[in-house]
Amino acid sequence: MLIRPFEPRDAADWARIFHTAVHQVGARDYTPEQCAAWSPEPAPVDRVLERAQDGRRIWVAADANDVAQGFVELEADGHIDCFYLAPEVAGTGIGAELYARLEGEARALGLASLYVEASEAARRFFLRQGFTEEHRRDFERRGVMMHNYAMTKTLPEVHTGAINARSG
């Protein structure tokens, strides 16, 4: 997989990935009613394109045909807003590659921490990436009770200055 920045042509794939991930991967931990409230239908392409223009950084994992199979979004304050993989590639290491790209970019931007509201499946992934679970969040979406987890990760400061060497 190639990890690359989101391009407008990826918008329909973003909508497809999000919707199918919710209904196939999310369905392992959430009821059909919760999945339907989470994503009743694939998002319209124009709405995806609007999101992509609000300053967030989005990376996609593209297959050999350069078709997106996963994506992750980083907002300027360190918030990971969306992180989804096509169900057929979930568990193959592509998520770890996407996350590594995001964390590398966050460090390069000088962000001190990352935070996310993670689903059950994402919670397990983020724990493996060194995130700390802050608390469970219960909320209502489209009249259905749902939950996720507030999680954070402190990014160590990267020192790029020269090392002073003393010779004796």
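Heads up: the structure comes first, above all this text.
Cut-offs used in this document
- Residues numbered from 1 in each chain as written.
- Predicted model: local features only at pLDDT ≥ 70, side-chain atom pairs only at ≥ 80, totals over all residues.
- Heavy atoms only, no water.
- Helix = DSSP H or I, 4+ residues; strand = E, 2+ residues; numbered from the N terminus.
- Buried < 20%, exposed > 50% of the residue type's maximum accessible area, 1.4 Å probe, protein only.
- Core = buried A, V, L, I, M, F, W, Y, C linked by side-chain atoms within 4.5 Å.
- Contact = heavy atoms within 4.5 Å.
- Salt bridge = Lys/Arg side-chain N within 4 Å of Asp/Glu carboxyl O.
- Axes fitted to C-alpha atoms, helices over the stretch in contact; angles between N-to-C directions.
- Parallel < 35°, antiparallel > 145°, perpendicular 65-115°, else oblique.
- Nonpolar A, V, L, I, M, F, W, Y, C, P; charged D, E, K, R; others polar.
- Phe/Tyr/Trp six-rings, centres within 6.5 Å; stacked < 30°, edge-to-face > 60°.
- Lys NZ or Arg CZ within 6 Å of the ring centre and 35° of its normal.

A.B. asks: Provide a residue-level description of the overall build of the protein, including the pertinent values.
C.D. replies: Across its full length, the protein carries five helices and seven strands. Counted from the first residue to the last, the protein has its helices and strands arranged as β-α-α-α-β-β-β-α-β-α-β-β. Along the longest, intermediate and shortest principal axes, the C-alpha atoms of the protein span 70 × 40 × 30 Å. Taking all 168 residues of the protein together, the buried fraction comes to 43%.

A.B. asks: If you had to explain the nonpolar core to someone new, which residues and values would you point to?
C.D. replies: Residues Phe 71, Ile 80, Tyr 84, Tyr 99, Leu 114 and Phe 126 are the most contacted members of the largest nonpolar core, which totals 48 residues. The element that contributes the greatest number of residues to this core is helix α1 (residues 11–24), accounting for seven residues. For Ile 80, the residues in contact, after removing those within four places along its chain, are Val 72, Glu 73, Tyr 99, Leu 102, Leu 114, Tyr 115, Val 116, Phe 126 and Phe 131.

A.B. asks: So what's going on with the pattern of salt bridges? Which residues, and what values?
C.D. replies: A complete count under the given rule lists 18 salt bridges for this structure. The partner of Arg 9 in a salt bridge is Asp 66, with the nearest N and O atoms 2.3 Å apart. You can see Arg 9 sitting in the loop between β1 (2–5) and α1 and its partner Asp 66 sitting in the loop between β2 (57–62) and β3 (68–74), a full 57 residues away along the chain. Given a relative accessible area of 27%, Asp 66 falls into the partly exposed group. Connected through shared salt-bridge partners, Arg 51, Asp 54, Arg 56, Glu 73, Glu 75 and Asp 81 make up one network.

A.B. asks: Please provide a residue-by-residue account of the packing of α1 against helix α3 (residues 45–52), values included.
C.D. replies: One can describe the packing of α1 onto α3 by two numbers: an axis separation of 8 Å at closest approach and a directional angle of 105 degrees. Judged by the inter-axis angle, α1 sits roughly perpendicular to α3. Along the contact surface, α1 presents Ala 11, Ala 12, Trp 14 and Ala 15, while α3 presents Val 45, Val 48, Leu 49 and Arg 51. Classifying every residue of the contact of α1 with α3 gives seven nonpolar, no polar and one charged.

A.B. asks: Explain unusual backbone geometry residue by residue, including any values.
C.D. replies: Within the chain, Asp 66 stands out as a residue other than glycine whose phi angle is a positive 60 degrees. The backbone of Arg 142 shows a phi angle near 50 degrees, a positive value even though the residue is not glycine. The topology assignment puts Arg 142 in the loop between β6 (132–141) and β7 (144–154).

A.B. asks: Tell me about the packing of aromatic side chains, residues and numbers included.
C.D. replies: Aromatic ring pairs are reported here in terms of the distance separating the ring centres and the angle at which the planes meet. With the rule as written, the count across this model stands at twelve aromatic pairs. Geometrically, the ring pair formed by Phe 71 and Tyr 84 is tilted, given 5.8 Å between the ring centres and 35 degrees between the ring planes. In this pair, Phe 71 sits in strand β3 while Tyr 84 sits in strand β4 (residues 79–85), placing the two residues 13 residues apart along the sequence. Considered together, Phe 71 and Tyr 84 belong to a single accessibility category, that of buried residues. An angle of 80 degrees between the planes, with centres 6.2 Å apart, marks the rings of Tyr 99 and Phe 126 as edge-to-face. Note that Tyr 99 is positioned in helix α4 (residues 94–108) and Phe 126 in helix α5 (residues 120–128), a separation of 27 residues in sequence. Accessibility classification places Tyr 99 together with Phe 126 in one group, the buried group. Members of the aromatic cluster, joined through ring pairs, are Phe 83, Tyr 99, Phe 125, Phe 126 and Phe 131. Sitting above the plane of the Tyr 149 ring, Arg 123 keeps its charged end 4.9 Å from the centroid.

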